[in-house]
Amino acid sequence: MFPACAVRLRALHILRAPRGGVLPPAGERRAAQKLFSSEKVIHKDRSLPNSSWNSDLKLMFDQFMKKCEDGSWEHLPSYGSRSSQIVQYFKEVFLETKLRKDEQMLSQARLFTRSYEDGLGFEYVMFHNEQEKRTVCFCQGGPYLQGPPGFLHGGSIATIIDETASMTAIIAGGIVMTVNLNINYKRPIPLCSVVVINCQVDKIEGRKLFISCDVRSIDEKTLYSDATSLFIKLDPNKSLT
Ligand SMILES: CCCCCCCCCCCCCC(=O)SCCNC(=O)CCNC(=O)[C@H](O)C(C)(C)COP(=O)(O)OP(=O)(O)OC[C@H]1O[C@@H](n2cnc3c(N)ncnc32)[C@H](O)[C@@H]1OP(=O)(O)O
């Protein structure tokens, strides 16, 4: 089967083409527009390039979208795939009726990492390799994530590590929550630089998933942080509160 992300890559290239030169046939452009516009009607996919992405982030996005063409890697959209289904399932099974009824609060709720305007917070995209049980995240941490002047706040680094490790664990184990996260901060990360977070499943023991991560510069020369984490698969028969 032709991988879905290869179709999305082709569509993205078609939509970008007028800036690059020859205009693709009108039929192809209409189909490409439809693919992305129908998703935008429901939710904006925040894992696609926007004008705040720097050249490094765009380059890594393009490189990994190419790797998706043979099906070894999968682009993880911020909406419209398994994450939305998991969120829906989580709400139905684990969200107490009392909380579920608070529609106004829930309608304002946003995934923390996607709650900033373009370029100010976390700009990131993830790709997953099923065979290697590995997820990579390319992240450009914006100016609102500052800790020491000019560098990222340690809490924001923990957040994007947790987010990437969570996706790795969710893909391997379903509905999980972080119960432990240990981080070694080895070098500070300059604001607005692009880093790669590489997470893999080390072992699964019953409901426990052990995930390890490292955070490096995109040329892989600088190791900024490394981390280990433990996720527990939620038991639908146990209340969370
Ligand atoms: C969430 C998914 C949907 C969303 C997707 C959207 C995208 C991504 C969103 C990004 C989200 C980002 C992610 C986030 O932000 S997740 C949010 C932050 N995490 C939490 O709030 C989790 C709080 N913890 C809990 O609620 C409970 O602990 C849960 C429900 C997880 C398990 O309670 P439960 O009562 O069910 O299980 P158990 O207590 O019998 O424990 C089971 C086993 O585990 C062992 N154990 C437990 N803790 C530890 C520990 N610290 N070190 C070592 N071991 C530990 C324990 O000894 C036992 O082992 P054993 O005796 O069987 O050998």
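Remember, it's a predicted structure, so these values are computed and weren't measured experimentally.

Explain the pairing of strand 7 (residues 223-233) to me, and be specific about the residues and the numbers.
Pairing geometry for strand 4 (residues 176-185) and strand 7, over 9 bridges, is antiparallel. If you follow Leu181 over to strand 7, its bridge partner there is Ser229. Strand direction decides the pairing type here: strand 6 (residues 208-217) and strand 7, joined by 9 bridges, are antiparallel. What sits directly across from Asp214, in strand 7, is Asp226. Linking strand 6 to strand 7, which pair antiparallel, is a turn of 5 residues; within it Glu220 sits at a positive phi near 65°.

Describe the nonpolar core, and please don't skip the residues or the numbers.
Grouped together as the largest cluster of nonpolar side chains are 35 residues, with contacts concentrated most on Cys139, Ile197 and Ile211. Elements with a contribution of two residues or more to this core: helix 4 (82-94), strand 2 (122-129), strand 3 (134-141), helix 7 (154-173), strand 4, strand 5 (194-205), strand 6 and strand 7. The leading source of residues in this core is helix 7, at 9 residues. What Ile211 contacts, discounting residues up to four positions off in sequence, is Ala165, Thr168, Ala169, Cys199, Gln200, Val201, Asp202, Ala227, Thr228, Ser229 and Phe231.

Please set out the pattern of salt bridges residue by residue, giving values where relevant.
Summed over the entire model, instances satisfying the criterion amount to 7 salt bridges. Between Lys203 and Glu205 there is a salt bridge, with its nearest N and O atoms 3.3 Å apart. Given the relative accessible area of 41%, Lys203 is considered partly exposed. Salt bridges here are not isolated pairs; linked through shared partners, they connect Lys44, Arg46 and Asp118.

Outline the sheet that holds strand 5, listing residues and values.
Overall, antiparallel pairing links the 7 strands, which are arranged 1-2-3-5-6-7-4 in an open sheet. With partners counted over all chains shown, the strands left at the sheet margins are strand 1 (74-76) and strand 4, one partner each. With direction set aside, neighbouring strand axes in the sheet form an average angle of 20°. Of the strands in this sheet, strand 1, strand 2, strand 3, strand 4, strand 5, strand 6 and strand 7 touch helix 7, which is tilted by about 135° from strand 4.

Tell me what's going on with the packing of aromatic side chains, and back it up with residues and numbers.
In total, this model carries 9 aromatic pairs according to the counting rule given. Relative to Trp73, the ring of Phe64 lies with its centre 5.1 Å away and its plane at 80°, an arrangement referred to as edge-to-face. For the pair formed by Phe64 and Trp73, the shared burial category is buried. Among the aromatic residues, those joined into a cluster by ring pairs are Trp53, Phe61, Phe64, Trp73, Phe127 and Phe138. The residue whose ring lies beneath Arg114 is Tyr124, and the NZ or CZ to ring-centre distance is 3.5 Å. Directly above the aromatic system of Phe210 lies the positively charged group of Lys203, at a separation of 4.7 Å from the ring centroid.

Would you mind going over the site of the ligand in detail, with residue names and values included?
Close contacts around the ligand come from 18 residues, with Thr178, Arg207, Lys208, Ile232 and Lys238 the closest. Here a nitrogen atom of the ligand sits 2.9 Å away from a polar atom, N or O, in the main chain of Thr178. In this structure, an oxygen atom belonging to the ligand sits 2.9 Å away from a side-chain N or O atom of Lys208. Here the ligand has 1,300 Å² of accessible area as a free molecule, and 56% of this is covered by the chains. Of all elements in the fold, only helix 4, helix 7, strand 4 and strand 7 reach the threshold of two or more residues within the shell around the ligand. Here the shell around the ligand is composed, by residue class, of 11 nonpolar, 2 polar and 5 charged.

Conventions we followed
Residues numbered from 1 in each chain as written. Predicted model: local features only at pLDDT ≥ 70, side-chain atom pairs only at ≥ 80, totals over all residues. Heavy atoms only, no water. Pairing = 2+ DSSP bridges. Helix = DSSP H or I, 4+ residues; strand = E, 2+ residues; numbered from the N terminus. Core = buried A, V, L, I, M, F, W, Y, C linked by side-chain atoms within 4.5 Å. Buried < 20%, exposed > 50% of the residue type's maximum accessible area, 1.4 Å probe, protein only. Contact = heavy atoms within 4.5 Å. Salt bridge = Lys/Arg side-chain N within 4 Å of Asp/Glu carboxyl O. Axes fitted to C-alpha atoms, helices over the stretch in contact; angles between N-to-C directions. Phe/Tyr/Trp six-rings, centres within 6.5 Å; stacked < 30°, edge-to-face > 60°. Lys NZ or Arg CZ within 6 Å of the ring centre and 35° of its normal. Near = heavy atom within 4 Å. Polar contact = N/O pair within 3.5 Å; in protein donor to acceptor, adjacent residues only side chain to side chain. Areas by Shrake-Rupley, 256 points an atom, 1.4 Å probe, with all protein chains shown as cover. Nonpolar A, V, L, I, M, F, W, Y, C, P; charged D, E, K, R; others polar.

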